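# Results of the structural survey
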Amino acid sequence: MKLFTGLIFCSLVLGVSSQWYSFISEAAQGAWDMYRAYCDMREANYKNSDKYFHARGNYDAAQRGPGGTWAARVISDAREHSQRVTDLFKYGDSGHGVEDSKADQAANEWGRSGKDPNHFRPPGLPDKY
């Protein structure tokens, strides 16, 4: 009976730990997807393309699973919060302010929901991206 109880306990522990490993793995891969989209956005330096790259990064991360979706939400929220702080020091620049933050969050949610990020793709953006 002790052996049976021990086997059940071990199988539960291993099952839970494998689920956590999967979640952590998905989160790490999702964070990498977000970083890749950010690097592409910086490299492209294309006008009005930031919403597309936000949507694409969130979409790619969410495709990894629940861990990727979580990572995308955390990274997007952190980026928006840091942008609100920098908005205090930048007056009149495009790409800043409440309207831009709302548009960024809409693009983030669009991507995380599994919708096609090309909805935000600006005309003329090179096919490389």
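The rules behind each value
Residues numbered from 1 in each chain as written. Predicted model: local features only at pLDDT ≥ 70, side-chain atom pairs only at ≥ 80, totals over all residues. Heavy atoms only, no water. Phe/Tyr/Trp six-rings, centres within 6.5 Å; stacked < 30°, edge-to-face > 60°. Helix = DSSP H or I, 4+ residues; strand = E, 2+ residues; numbered from the N terminus. Buried < 20%, exposed > 50% of the residue type's maximum accessible area, 1.4 Å probe, protein only. Lys NZ or Arg CZ within 6 Å of the ring centre and 35° of its normal. Contact = heavy atoms within 4.5 Å. Core = buried A, V, L, I, M, F, W, Y, C linked by side-chain atoms within 4.5 Å. Patch = residues over 30% accessible without salt bridge, like charges linked within 9 Å, V, L, I, M, F, W, Y side chains within 5 Å. Areas by Shrake-Rupley, 256 points an atom, 1.4 Å probe, with all protein chains shown as cover. Salt bridge = Lys/Arg side-chain N within 4 Å of Asp/Glu carboxyl O. Axes fitted to C-alpha atoms, helices over the stretch in contact; angles between N-to-C directions. Left-handed = near helix turned anticlockwise from the far one by under 90°. Nonpolar A, V, L, I, M, F, W, Y, C, P; charged D, E, K, R; others polar.

## Concerning the packing of aromatic side chains
Within the structure shown, the criterion is met by five aromatic pairs. Considering the side-chain rings of Phe 23 and Trp 70, the 5.9 Å spacing of their centres and the 50 degrees angle between planes classify their relative orientation as tilted. Taken together, the positions of Phe 23 in helix H1 (residues 2-44) and Trp 70 in helix H3 (residues 66-87) put the pair 47 residues apart, joining distant regions of the chain. Judged by its relative accessible area of 47%, Trp 70 falls in the partly exposed class. With 5.5 Å between their ring centres and 35 degrees between their planes, Trp 32 and Tyr 35 make a pair best called tilted. Placement of both Trp 32 and Tyr 35 in helix H1 is noted, with a separation of three residues, approximately one turn of the helix. Joined through ring pairs, the aromatic side chains of Tyr 52, Phe 53 and Tyr 129 make up one cluster. For Lys 115, the ring lying beneath its charged end belongs to Trp 110, and the centroid distance is 4.6 Å.

## Here's the deal with the environment of Ala 62
Counting through the fold element by element, Ala 62 comes out in helix H2 (residues 50-62). Along the sequence, Ala 62 and Ser 113 sit 51 residues apart, while their C-alpha atoms lie 7.8 Å from each other. What Ala 62 contacts, discounting residues up to four positions off in sequence, is Gly 68, Thr 69, Gly 111 and Arg 112.

## Side note on the nonpolar core
Listed in full, the six residues of the largest apolar core are Met 41, Ala 44, Tyr 52, Phe 53, Leu 125 and Tyr 129. Non-local contacts of Tyr 129, meaning those with residues more than four positions away in its chain, are made with Asp 40, Glu 43, Ala 44, Tyr 52, Phe 53, Arg 56 and Arg 121.

## Regarding a nonpolar patch on the surface
Where nonpolar side chains cluster on the molecular surface, the patch consists of Trp 32, Tyr 35 and Tyr 38 and spans about 360 Å² of accessible area. The partly exposed category is assigned to Tyr 35, whose relative accessible area is 45%.

## Some points on the packing of H2 against helix H4 (residues 98-112)
Two quantities define a packed helix pair, namely the angle between the axes and the distance from one axis to the other. Two elements in contact, H2 and H4, have axes whose closest approach is 7 Å; the angle formed by their N-to-C orientations is 30 degrees. Relative to H4, the crossing made by H2 is right-handed. Facing Asp 50, Lys 51, His 54, Ala 55, Asn 58, Tyr 59 and Ala 62 of H2, the residues of H4 in contact are Asp 100, Ala 103, Asp 104, Ala 107, Asn 108, Gly 111 and Arg 112. Of the residues belonging to the contact of H2 with H4, the class tally is five nonpolar, four polar and five charged.

## Describing the pattern of salt bridges
Per the counting criterion, the structure on display carries nine salt bridges. Arg 56 serves as the salt-bridge partner of Asp 40, at 2.7 Å between the closest nitrogen and oxygen. Taken together, the residues span a long stretch of sequence, with Asp 40 in helix H1 and Arg 56 in helix H2 at a distance of 16 residues. Across this residue pair, the class does not change: Asp 40 and Arg 56 are buried. Arg 56 is paired through a salt bridge with Asp 60; the nearest N and O atoms lie 3.8 Å apart. In this pair, Arg 56 and Asp 60 are both assigned in helix H2, four residues apart and thus about one turn of the helix distant. Residues joined by salt bridges that share partners form a network here, namely Asp 33, Arg 36, Asp 40, Arg 56, Asp 60 and Arg 64.

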